[in-house]
Amino acid sequence: MDPSNDSALFAGRTVLVTGGASGIGQATAHAFANRGARVGIIDTADTGDIDEEVSRLKAHGIDAAGTRADIANAQQVAHAIALLSEALGPIDTLVNNAGIWEPNPVPESPLQLFDQHIDVNVKGTFHVTQACLPAMLERGRGVIVNVSSVSGIAGRAGDSAYSTSKAAVGMLTRTLAAELGPKGIRINCIAPGAVATPLTAGLRTPEGESAIAALMATHPSPNGRFFIDPEDMADIILFLCSDASKAIHGAVIPADEGLTAVM
Ligand code: NAD
């Protein structure tokens, strides 16, 4: 089955994508909208950006809504989920995508930066999941996809905060799979390699390009690229939210063109 080809694949489903105003989240929100889902987004982007994004989503002919909220703040999350559920109906499909990345070389890194990664990437994923669960549990069904990173699988110098937080997202996925599977909720996690989004814009510089050219010498990418398109991540997320993947549960799946296979 090719989830990219069915304009009604997610008809009747209500999807929440965190971080839906940019990058992977934006591509995912549009991919869902293009396949008939009602789509809600939460982001810290300013209200204007979210409103514009919601207008673009509605152009697919679906119901869409968005609200500004910091996923690190449990109260803001609860309020946002209540607003979106009122506008779109109970959320049955959740993509925990919002996240931050900032290198933190240990000797000079303030503890605050480490805390920020835990607050957004780990606690944020937990807050949003917790706020969406009552509606899923009430219906005895739901699908969740978390977004980790290859940095949560293999260590990377200068990335202790990000890597630790993303490894925790993988373990959160496994523990929630054990807890929620018997209640009808399916949860998986993707671990993307480098994706061409605003988050990695700093790597797509002349200096970055030469470092990447060196990395490509050992990169087994079958597509001859280092940066993956956000739309490719969206396709994988949609597959994991579709019934075509119903036997996959509690998995942390690298989506990295083979990067971790040779690490
Ligand atoms: P991006 O910066 O383009 O988009 C992230 C979005 O999340 C932004 O719109 C941002 O405003 C939002 N956001 C950030 N903090 C938030 C918060 N506290 N509350 C609500 N919204 C918040 O980044 P992206 O590359 O699309 O990244 C999406 C996810 O993919 C992240 O979890 C990231 O760690 C992960 N990831 C990205 C890459 C990559 O190479 N781009 C690789 C591996 C994993």
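Residues numbered from 1 in each chain as written. Predicted model: local features only at pLDDT ≥ 70, side-chain atom pairs only at ≥ 80, totals over all residues.

- Under an unreviewed UniProt entry, the protein chain has the name 2,5-dichloro-2,5-cyclohexadiene-1,4-diol dehydrogenase and belongs to Luminiphilus syltensis NOR5-1B.
- UniProt lists a comment for the protein chain under the heading Sequence similarities (unreviewed entry), and it reads "Belongs to the short-chain dehydrogenases/reductases (SDR) family." (UniProt positions renumbered as here; feature names shortened; annotations may be inferred.)

**Points about the packing of helix H3 (residues 74-88) against helix H4 (residues 111-139)**
Inference 1: In the contact formed by H3 and H4, the axes pass within 9 Å of each other and the chain directions differ by 40°. Taken as axis vectors, H3 and H4 run oblique relative to one another. Two packed elements cross with a definite hand, and for H3 against H4 that hand is right-handed. Here Ala74, Val77, Ala78, Ile81 and Ser85 of H3 lie close against H4, whose contacting residues are His127, Val128, Ala131, Cys132 and Ala135.
Inference 2: A class-by-class count of the residues in the contact of H3 with H4 yields eight nonpolar, two polar and no charged. (Axes fitted to C-alpha atoms, helices over the stretch in contact; angles between N-to-C directions. Helix = DSSP H or I, 4+ residues; strand = E, 2+ residues; numbered from the N terminus. Parallel < 35°, antiparallel > 145°, perpendicular 65-115°, else oblique. Left-handed = near helix turned anticlockwise from the far one by under 90°. Contact = placed C-beta atoms within 7 Å. Nonpolar A, V, L, I, M, F, W, Y, C, P; charged D, E, K, R; others polar.)

**Here's the deal with the nonpolar core**
Inference 1: Ranked by size, the top nonpolar core spans 66 residues in total, and within it Leu16, Phe32, Val39, Cys132, Ile190, Met233 and Ile237 carry the most contacts.
Inference 2: If we skip the residues at most four places from it in the chain, Ile190 touches Val145, Val147, Ser148, Met233, Ile236, Ile237, Ile253 and Ala255. (Core = buried A, V, L, I, M, F, W, Y, C linked by C-beta atoms within 7 Å. Buried ≥ 20, exposed ≤ 12 C-beta atoms within 10 Å, placed from the backbone.)

**Some words on the environment of Glu207**
Inference 1: Tracing the chain through its elements places Glu207 in helix H6 (residues 206-216).
Inference 2: Residue Glu207 is classed as exposed on the basis of its C-beta count, with 9 C-beta atoms lying within 10 Å.
Inference 3: In this structure the C-alpha to C-alpha distance between Glu207 and Pro134, which are 73 residues apart in sequence, comes to 48 Å.

**Comments concerning the pairing of strand E4 (residues 93-96)**
Inference 1: On E4, burial covers both faces: Thr93 and Val95 on one face and Leu94 and Asn96 on the other are all buried.
Inference 2: Here strand E1 (residues 14-18) runs beside E4; their pairing, made up of three bridges, is parallel. Opposite Val17, over in E4, you have Val95 as the bridge partner.
Inference 3: Inspection of the sheet shows E4 paired to strand E5 (residues 142-147) by four bridges, in the parallel sense. (Pairing = 2+ DSSP bridges.)

**Quick word on the confidence of the model for the protein chain**
Inference 1: Scored by pLDDT, the protein chain comes out at a mean of 96, with 98% of its residues at no less than 70.
Inference 2: The ipTM for the predicted assembly is 0.99, set against a pTM of 0.97. (pLDDT = per-residue confidence, 0-100.)

**Some remarks on the site of the ligand**
Inference 1: Neighbouring the ligand are 30 residues; Gly19, Ser22, Gly23, Gly99 and Thr197 lie closest to it.
Inference 2: Those elements that provide at least two residues to the shell around the ligand are helix H1 (23-34), strand E2 (38-43) and H4.
Inference 3: Sort the elements by how many residues they give to the shell around the ligand and H1 lands first, with three residues.
Inference 4: Partitioning the shell around the ligand into residue classes produces 16 nonpolar, 12 polar and two charged. (Near = placed C-beta within 6 Å.)

**A short note on the sheet that holds strand E3 (residues 64-68)**
Inference 1: The seven strands are arranged E3-E2-E1-E4-E5-E6-E7 in an open sheet whose pairing can be described as parallel. Edge positions in the sheet fall to E3 and strand E7 (252-255), since each of these pairs with one other strand and no more. Across the sheet, the axes of successive neighbouring strands diverge by a mean angle of 15°, strand direction being ignored.
Inference 2: Note that E2 and E3 share five bridges and pair parallel. Across the sheet, residue Asp43 finds its bridge partner in E3, namely Arg68.
Inference 3: The sheet contacts of H1 involve E1, E2, E3, E4 and E5, and relative to E1 the element is tilted by about 170°.
Inference 4: Those strands touched by H3 are E1, E2 and E3, and its axis lies near 165° from that of E3.

**As for the UniProt feature "domain: Ketoreductase" (unreviewed entry) in the protein chain**
Inference 1: What UniProt calls "domain: Ketoreductase" (unreviewed entry) maps, in this numbering, to residues 13-193.
Inference 2: Secondary structure content for residues 13-193 is 49% helix and 19% strand, while the C-alpha to C-alpha distance between its ends is 28 Å.

**Some thoughts on H4**
Every α-helix winds through 3.6 residues per turn, so residues three or four apart in the chain are directed the same way.
Inference 1: Between its terminal C-alpha atoms H4 stretches 41 Å, which fits the 42 Å expected from 29 residues at 1.5 Å a residue.
Inference 2: Following H4 by one or two positions, Gly140 adopts a phi angle in the positive range, close to 70°. (Expected span 1.5 Å × (residues − 1).)

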